[in-house]
Structures are given as C-alpha cells and as structure tokens.
Amino acid sequence: MPDAANAPSDIDAMSFEQALAELEKIVGQLESGQAPLEQSIEMYERGAALKAHCEKRLEAARLRVEKIVVGASGAPSVEPAEFS
C-alpha cells in the first residue's frame, strides 16, 4: 500500500479537503462496481495514497492543536488534544 512519502506530487499539493473529496469519489466509484478490474486497481492505489495523505494532514493538525492548548491558569501549555 502506498504511503504519503510515495504519493504522486499532485496529491502532495492537495489540501485535506481536496484529498478527502477525491477519496470519497473513488470510494463511490469502487462501490458501484462499474469500473473494469484494471481501472479499479488503479483507483484503489490512488485511494490508498489519498488516505495516507489525509492521515498525514490530520496528524499535523493534531500536533498543532496540542501546541496551542491553554491550561487552566491561562498560560499556554502542551497537552494531548482530545478528539471525540
């Protein structure tokens, strides 16, 4: 499975929202079962690269949020971010 380091340069330049939108489109196409096998494999590979890119962007955002969490005293502190 491709990882973000091996993603095509067009994926590397995408925002999280752009990559997610394309990934959702690919999932819909794959779920329809209408694409020929070879095209389905290519779409799956691109989807895997898009997924890795989205995960990388989310991790970067999580780390940024951790850096700006403000403690009870009002002083900035680094704490794990809780996403639920």
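Keep in mind the model is a prediction, meaning the values are calculated, not measured.

Thresholds, definitions, all that
Residues numbered from 1 in each chain as written. Predicted model: local features only at pLDDT ≥ 70, side-chain atom pairs only at ≥ 80, totals over all residues. Heavy atoms only, no water. Helix = DSSP H or I, 4+ residues; strand = E, 2+ residues; numbered from the N terminus. Buried < 20%, exposed > 50% of the residue type's maximum accessible area, 1.4 Å probe, protein only. pLDDT = per-residue confidence, 0-100. Contact = heavy atoms within 4.5 Å. Polar contact = N/O pair within 3.5 Å; in protein donor to acceptor, adjacent residues only side chain to side chain. Salt bridge = Lys/Arg side-chain N within 4 Å of Asp/Glu carboxyl O.

Draft legend 1. Looking closely at the environment of Glu-17. Among the structural elements, Glu-17 can be located in helix 2 (residues 16–32). Given a relative accessible area of 55%, Glu-17 falls into the exposed group. Along the chain, Glu-17 and Arg-57 lie 40 residues apart, while their C-alpha atoms are 9.9 Å from each other.

Draft legend 2. Structural context of the confidence of the model for the protein. Per-residue confidence for the protein gives a mean pLDDT of 84; residues scoring 70 or more make up 74%. Overall, residues 1–5 carries pLDDT values under 50, and its contacts beyond four positions in sequence, including any with other chains, amount to 10 contacts.

Draft legend 3. Summary view of the side chain of Glu-66. Locating Glu-66 in the fold gives a position in helix 3 (residues 37–68). At 2.3 Å, the side chain of Glu-66 forms a polar contact with the side chain of Arg-62.

Draft legend 4. Structural view of the pattern of salt bridges. Using the criterion set out here, one finds 5 salt bridges in the structure. A salt bridge links Asp-10 to Arg-46; the shortest N-O distance between them is 2.6 Å. Residue Asp-10 is located in helix 1 (residues 9–12), and its partner Arg-46 is located in helix 3; the two are separated by 36 residues in the primary sequence. The partly exposed category is assigned to Asp-10, whose relative accessible area is 38%. Glu-22 is the salt-bridge partner of Arg-46, the closest N and O atoms lying 2.4 Å from each other. Pair noted here: Arg-46 is in helix 3 and Glu-22 is in helix 2, with a separation of 24 residues, a long-range link. Linked through salt bridges whose partners overlap, the residues forming this network are Asp-10, Glu-22 and Arg-46.

Draft legend 5. Structural context of the environment of Pro-8. For Pro-8, the location among the structural elements is in the segment before helix 1. With a relative accessible area of 35%, Pro-8 lands in the partly exposed category. Distance from Pro-8 to Arg-46, taken between C-alpha atoms, is 8.7 Å for residues 38 residues apart in sequence.

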